[in-house]
Amino acid sequence: MPSTTLSLPPVPKRPHYDAIIVGARCAGASTALLLARAGLKVLAIDRRPYGSDTLSTHALMRPAVLQLSRWGLLEPLRKAGTPLIEATTFHYGEEEITIPLNAGPDLPGLIAPRRTVLDRILVDAARGAGAEFLHDMAVGDLFADTRGRVRGVEIRGAGRAALRVSGDIVVGADGIGSLVARCCDAQVLRSGTVSAAHVYGYAPVETGAGYHWHFRDGIAGSLIPTNDGLACIVASVPTRMFDQRFRLGHGRARMEVLEALSPALAEQASRAPKDARLQAFRGVPGYIRQAFGPGWALVGDAGFFRDPITSHGISDALRDAAGLAHAVLDGSEAAFAAWQQERDLFANQILDTTDAVAGFDWTLADLGERHRRLSAVMKAEVQALAGQPMPVRRAAYAAGGPIAYRAPANQDEPRATAGSSLHRNRTGVRQ
Ligand SMILES: Cc1cc2nc3c(=O)[nH]c(=O)nc-3n(C[C@H](O)[C@H](O)[C@H](O)COP(=O)(O)OP(=O)(O)OC[C@H]3O[C@@H](n4cnc5c(N)ncnc54)[C@H](O)[C@@H]3O)c2cc1C
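None of these values were measured; they are calculated from a predicted model.

A. Up close: the packing of aromatic side chains. Applying the stated rule across the entire model yields ten aromatic pairs. Relative to F215, the ring of Y92 has its centre 5.9 Å away and its plane inclined at 25°; by these criteria the two rings are stacked. Of this pair, Y92 sits in strand β3 (residues 87-92) while F215 sits in strand β11 (residues 211-216), and the two are 123 residues apart along the sequence. Each member of the pair, Y92 together with F215, is buried. The interplanar angle of 25° and the centroid separation of 5.2 Å between the aromatic rings of F242 and F246 together place this pair among those described as stacked. As far as the burial class goes, F242 and F246 line up, both buried. Taken together, the ring pairs connect F90, Y92, F215, F360 and W362 into an aromatic cluster. Here R114 stacks its cationic end above the ring of Y202, 4.0 Å away from the centre of that ring. Directly above the aromatic system of F304 lies the positively charged group of R306, at a separation of 4.4 Å from the ring centroid.

B. Local environment of the sheet that holds strand β10 (residues 196-204). Spatially, seven strands are ordered β4-β3-β11-β12-β13-β10-β14 in an open sheet, and the strand pairing comes out mixed. In this open sheet, the two strands that pair with only one neighbour each are β4 (95-100) and β14 (279-281). Shown here is a sheet whose adjacent strand axes are inclined to one another by a mean of 15°, direction ignored. Pairing of β10 with β14, which is carried by three bridges, proceeds in the antiparallel orientation.

C. Here's a closer look at the site of the ligand. With respect to spatial proximity, 30 residues lie near the ligand, and among them R25, D46, T57, D301 and I314 are the closest. Between an oxygen atom of the ligand and a main-chain N or O atom of H58, the distance comes to 3.2 Å. A distance of 2.8 Å is found between a nitrogen atom of the ligand and a backbone nitrogen or oxygen belonging to A59. For the ligand, whose free accessible area comes to 990 Å², the fraction covered by protein is 93%. Those elements that place two or more of their residues in the shell around the ligand are α1 (26-37), β2 (42-46), β6 (138-144) and α9 (313-330). Split by residue class, the shell around the ligand holds 13 nonpolar, nine polar and eight charged.

D. Quick peek at the packing of α1 against α9. At their nearest, the axes of α1 and α9 sit 8 Å apart, and the two run at 35° to each other. For the element pair α1 and α9, the recorded crossing hand is right-handed. Between α1 and α9, the residues in contact are C26, A27, S30, T31, L34 and L35 and I314, A317, L318, A321, A322, L324, A325, V328 and L329, respectively. Within the contact of α1 with α9, the residues separate by chemical class into 13 nonpolar, two polar and no charged.

Parameters at a glance
Residues numbered from 1 in each chain as written. Predicted model: local features only at pLDDT ≥ 70, side-chain atom pairs only at ≥ 80, totals over all residues. Heavy atoms only, no water. Phe/Tyr/Trp six-rings, centres within 6.5 Å; stacked < 30°, edge-to-face > 60°. Helix = DSSP H or I, 4+ residues; strand = E, 2+ residues; numbered from the N terminus. Buried < 20%, exposed > 50% of the residue type's maximum accessible area, 1.4 Å probe, protein only. Lys NZ or Arg CZ within 6 Å of the ring centre and 35° of its normal. Pairing = 2+ DSSP bridges. Axes fitted to C-alpha atoms, helices over the stretch in contact; angles between N-to-C directions. Near = heavy atom within 4 Å. Polar contact = N/O pair within 3.5 Å; in protein donor to acceptor, adjacent residues only side chain to side chain. Areas by Shrake-Rupley, 256 points an atom, 1.4 Å probe, with all protein chains shown as cover. Nonpolar A, V, L, I, M, F, W, Y, C, P; charged D, E, K, R; others polar. Left-handed = near helix turned anticlockwise from the far one by under 90°. Contact = heavy atoms within 4.5 Å.

In structure tokens:
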């Protein structure tokens, strides 16, 4: 008889970590990388497989490329076949404005890696620094002590009973639907008012192509060169137009938008194989959430979301991962407050400038000015990031503390008892 071997999913190597990160893509893997490089014991968990794809049109802006360069990852990304983008062209109707992008050794140009490449390289680098990753496993709940301070996570994976792992801090890098934000009741500090839909697919593109951003009244589109000799070609419209015009099929409606923007862009898109799949995102209004609380923090889309039309989500995720790493390594509440203050400074400006484009209330005559405002925010971000030291572990942390909100000894030992879960007994733990 053939023998069948049941392989159980892996389990965490330790019962306790300095940091547990829920979500292991650009925000989570970056946070893991920086904390592990600083010597912390880090566990990152993602319910999706290692190296899997996700919704994204890949375009990195200057702050993200600068961070990746400073972390030593630009070269691995280039070696993985990610083309360097040396110019970006804005098409306002018939008007074209091309901007060269080379801004020095740390910013030789821009890149737009597929997420199967970017997220994998971040995970590999974090693993190389000692972080532990569990893929294909979901965090189903958090648990807290009697004072309401988050103490760890409950992991659920195929074929195993739920498993509790404790950590000094639990980081929610778990995207728009963040479980960590929900469990911790993270307050929404600001809500955006507009949303746009984006429908995209891939088509062959010539070597050396730049970014192209197209706009005409009420519609937008882009061509973003990525890996494998392909460009991601996107049609973007207000969500209400998506609901009306894309209902009967994404393919035809996307082509109509691309055609209206530029026949050349539509022709480029038509080079895709006939059976190529399209991806669609209907749109979600932006938000900024409280970024931290006792024993928890949010990074990436979990804490701040802005419409993809300005291609700034990954830049935000990497910037906030670095800021959070500094706060975790410092461990004081003041450091977390300073991190959130800086995050909010940029997040508010990015949300303002993004909604100014995603709202589609512009005319071609005033859109250039809106893009220049966004560009000025990115310039300030690049300056802030370039002056930021790499996160390092403090001597006090190396000796076993302090860490965020660490309460006096013996007063808040983790209590992994039924009823201490934030889900099951929120009022009990949040007093
Ligand atoms: C259509 C579209 C196009 C975009 N284009 C661009 C672009 O061109 N440039 C750009 O910079 N940004 C772009 N963005 C934004 C960018 O994709 C996000 O900002 C970025 O992915 C946020 O990264 P993250 O790590 O915070 O979250 P995510 O990438 O959403 O990752 C969260 C991870 O958490 C995991 N997870 C969630 N819950 C759990 C759980 N309970 N247990 C375990 N794991 C969990 C998920 O499996 C997921 O892998 C785009 C977004 C969309 C929707």
